[in-house]
Amino acid sequence: MHPWDSLINKPIENSYRVTHTGRVLSLAIGTVFLTVFTFGSVATAANGGKLMDVGAVMPDRGNNVVKKDMDLVYANPAPFEYKVTLPNLSNRERSEIDTPATHGPQKFGIHRDVPYLHLGDLSNKLSWKKEGDGVVAYVRVHSPQAESIRFSTRLKLPADAIVNFYEGDLNNRNDVIYSFTAPKKGFDEELYWSPQASGDWIGLEIRLPRSNMKQNVELELFKVAHRFIAPNLAVPNALECTNHEDVQCAIDDGEISESSARTTLRLTFESGGSSYTCSGTLMNVSGDGEDVYIPYIITAAHCISTVDEASSVVAWWNFQAASCSGSATSSDFALSFGGAELLVTVESYDQSLIRLRADPPAGASFSGWWVTDVHTNITGSGSHHPDGTHKKFFSGTTQGNFNVNICDQDDNCTLLLDAIEVRMDNGTAEGGSSGAGLRIFNPDANDTVFVGVLSASDEECENSSVYFGEFRHFFDYIVTWFDPAPPPPVSSDDHGDSTETATEIGLASTTEGEIEDADDVDYFEVVVDRRGAIKVYTSGSLDTTGQLTSEELGVDITDDDSGDNLNFSLSADIEPGVYYIRVEGYSESTGNYTLHVEFEENDDHGDTRYTATIVSSSARVWQYSTVGNLEISTDIDVFEITLWSNATITVYTEGDTDTSGVLTDYSGFDLFENDDTDEDNSNFTLSGDVGVGTYYLFVEGSVSEKSEYKLIIDITQD
């Protein structure tokens, strides 16, 4: 964080205060000063030949920024939740909440430590419940008296795991506030910030497609963000100044267009043990291509300047009054979670460029911008979120450009270079305004466009002076994204030359390829979701060599001429995971080939309900027995049992393998579960009365090489 809060000295007996907006600093006049140096040519004509871009509006693609269309597996998960409850606030913490921030963006929350009892990996402490072919577990984090809450975590998940965050609604029902699904390569984040939940607790649901994936889950809690201001509440009396104008009033009066106002959004984030709020602008980059809407946001560097700060960002879209001077929030209000990537930060111009990881909502406005030196006596305007409240409007007149030396109470100074001073005629800046965009009219765009970032203010309410970092200086640092060089010619290469650009193919597939030149190699990615035997080979007249690798599983197999006509052919028994196939011409040979991938599952009993071994009989009394093998530690054998009348069922195993068994009904609800029959018998035994229907038996156990067991199912039907 940058210590930019200060006073201007012109000379000291006429000094007045300039602070970075979002930073509340109470200093005696004359103890700290800010020196202003004017450039030799303060006011230069705007250069119409400079780069610019016009605004754009995000079309409706049917996406939801916040997913609220999913229900929890258990409507009331409370009995199964692993509960992390923090103690009541200490006197020190209450004092920290009651003491305004002396520097930095507007603070509205503090970070709290996770109790010692809940430190470390929690995955083995969770109560995993059967859910279809998989399992589900819950965590609840509670910080008493919080108005809203979120937490940071180390989170590792296997492929296709589903995560739901939930909160309590006004009717005390659990409401999913955000969901995501782990990609095929899994999810692995060293620092992940949850979304925010209203109230003093937040819940986490983890769903795994298969129960044997539990060992691939890691969950470690780091910090809990305890917010002392309700997340979606615009507090009417929170603002120090009374001359703010709701942005909807300005829209109604024609002072700002609705599309321009919508380019501003509120950003909340975590930094240095606290929660903060600033403003930002969603920027348009039409050069990215037609119908491409990348969520680039520019904000103040003194708000967000580190990777961790960016990764914690929550974007608040259309957080403004629904009507002029109204208290209700716009129906278009939405949140997007998942954080952002920090692309560039430049302290001397107090600007940062971040890229959100989530898409904006339909109707989001992307701001046009202008790389230009701004005239003096030009009307500038914009919108912002002072004190994190509903969006407000500001306007004023540019006074020229200045080097502004901004110092804190310890005389630590930073120079804000060539900043635009605006004397405010309408509104002013307060905490939370930092990062808002300054807009001036551009005749070519026939609209106002972005030219600067709100950085510092003299803290006066009426006729205040507000300083903006000029965009034209920052543009040189972000030209890679905003004015990229023409893309290179489209490669004629049919398949990528590395694992990062590999072509994705299926387990049972035939793919045409060509080795175009002596340096060409072709890579293919194949995702294996079950254990089995794979065969990979080429056909055709080209002399090929091939390689099958999986770094995560330690697989590296190569072949040259085992196939027909100098083609390669290789086979292997493989476990679930991501594999890469490399094809190249032998001794710089070039030409066409056909890649074949064949796969045969070699598990004796399937691992899911869909691949389960079927067991059924219409006899009144019958017995089923079979020999099974648990090939690896993650192996699970599933049996589907169909009963045609009410029955007494007894299921058990025999042998030297230590087994456990679970019998569920068709919906996945656990009926019977057992690990050891008794202290002298490590086989499981299940027994009980069941009704007509289909049931699923899940057999797991300890594995050494291939561990054999004998399964017996006894049925006596009424």
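Bear in mind that the values here come from a model prediction, so they are computed numbers and not experimental data.

## Notes on the overall build of the protein
A tally of helices and strands in the protein yields 5 helices and 50 strands. Across the 718 residues that make up the protein, the buried fraction comes to 54%. Considering only residue pairs separated by 6 or more positions, the protein has 75% of its internal contacts joining residues 24 or more positions apart.

## Things to note about the pattern of salt bridges
Where charged atoms from two side chains of opposite charge approach closely, those side chains can pair. Counting across every chain of the model gives 23 salt bridges. Residues Glu81 and Arg140 are paired through a salt bridge, measuring 2.9 Å at the closest nitrogen-oxygen approach. Here the residue Glu81 occupies a position in strand E6 (residues 81-85), and Arg140 occupies one in strand E9 (residues 134-142), the gap between them amounting to 59 residues. Close ionic contact of Arg227 with Glu270 constitutes a salt bridge, the shortest N to O distance being 2.8 Å. Residue Arg227 is found in strand E16 (residues 218-227), and its partner Glu270 is found in strand E18 (residues 264-271); the two are separated by 43 residues along the sequence. Here the two residues Arg227 and Glu270 agree in accessibility, since each one is buried. Three or more residues are tied together by salt bridges with common partners; here these are Arg154, Asp188, Glu190 and Glu218.

## A word on the side chain of Thr659
Mapped onto the elements of the fold, Thr659 is located in strand E46 (residues 659-664). Thr659 gets classed as buried once you look at its relative accessible area, which sits at 1%. Only 2.7 Å separates the side chain of Thr659 from the side chain of Thr653, close enough to count as a polar contact. Discounting chain neighbours no more than four positions away, the residues touching Thr659 are Thr653, Asp675, Asp676, Ser682, Asn683, Phe684, Glu700, Gly701 and Tyr709.

## Regarding the sheet that holds strand E36 (residues 532-539)
Taken in spatial order, the 4 strands line up as E34-E41-E36-E39 in an open sheet, and their pairing is antiparallel. Two strands lie at the open edges of the sheet, namely strand E34 (509-515) and strand E39 (569-574), each paired on one side alone. Each adjacent strand pair in this sheet contributes to an overall mean axis angle of 20°, direction not counted. Bridging between E36 and strand E41 (residues 591-601) involves 8 bridges; their strand directions are antiparallel. Directly across from Gly532, in E41, lies its bridge partner Glu601.

## As for the state of the cysteines
Counted according to the given criterion, the structure contains 3 disulfides. Disulfide partner of Cys241: Cys461, at an S-S distance of 1.9 Å. Negative torsions about the S-S bond denote left-handed disulfides, and the value of about -75° found for Cys241 with Cys461 makes this one left-handed. In this pair, Cys241 sits in the loop between E16 and strand E17 (245-246) while Cys461 sits in the loop between strand E31 (447-457) and strand E32 (465-470), placing the two residues 220 residues apart along the sequence. Among the residues examined, Cys241 registers a relative accessible area of 7% and is labelled buried. Looking at Cys461, the relative accessible area reads 24%, which means it is partly exposed.

## What about a negative patch on the surface?
Where like charges cluster on the molecular surface, the negative patch consists of Asp658, Glu673, Asp675, Asp676, Asp678, Glu679 and Asp680. In this fold, Glu673 is placed in strand E47 (residues 670-674).

## Topic: the environment of Gln320
For Gln320, the position within the fold is in the loop between strand E21 (314-317) and strand E22 (334-336). Classification of Gln320 by relative accessible area gives buried; the value is 5%. Note: C-alpha distance between Gln320 and Lys391 (71 residues apart in sequence) is 4.8 Å. Contact partners of Gln320, with chain neighbours within four places excluded, come to Val247, Gln248, Ile251, Ala328, Thr329, Ser330, His390 and Lys391.

## Examining the confidence of the model for the protein
Residues at a pLDDT of 70 or more form 87% of the protein, whose mean pLDDT is 85. Note on residues 22-49: pLDDT is under 50 here. Beyond four places in sequence and across chains, it has 85 contacts. Below a pLDDT of 50 lies the segment residues 63-67, which in the model reaches 17 contacts outside its immediate sequence neighbourhood of four places, other chains included.

## Observations regarding helix H5 (residues 471-482)
Between its first and last C-alpha atoms H5 spans 12 Å; for 12 residues at 1.5 Å apiece the expected length is 16 Å, and the helix comes up short by more than 12%. What H5 keeps buried is the set Phe471, His473, Phe474, Phe475, Ile478 and Phe482.

Conventions used here
Residues numbered from 1 in each chain as written. Predicted model: local features only at pLDDT ≥ 70, side-chain atom pairs only at ≥ 80, totals over all residues. Heavy atoms only, no water. Helix = DSSP H or I, 4+ residues; strand = E, 2+ residues; numbered from the N terminus. Buried < 20%, exposed > 50% of the residue type's maximum accessible area, 1.4 Å probe, protein only. Contact = heavy atoms within 4.5 Å. Salt bridge = Lys/Arg side-chain N within 4 Å of Asp/Glu carboxyl O. Polar contact = N/O pair within 3.5 Å; in protein donor to acceptor, adjacent residues only side chain to side chain. Pairing = 2+ DSSP bridges. Axes fitted to C-alpha atoms, helices over the stretch in contact; angles between N-to-C directions. Disulfide = S-S within 2.5 Å. Patch = residues over 30% accessible without salt bridge, like charges linked within 9 Å, V, L, I, M, F, W, Y side chains within 5 Å. Areas by Shrake-Rupley, 256 points an atom, 1.4 Å probe, with all protein chains shown as cover. Lys, Arg positive; Asp, Glu negative; His and termini not counted. Charge placed at Lys NZ, Arg CZ, Asp CG, Glu CD. pLDDT = per-residue confidence, 0-100. Expected span 1.5 Å × (residues − 1).

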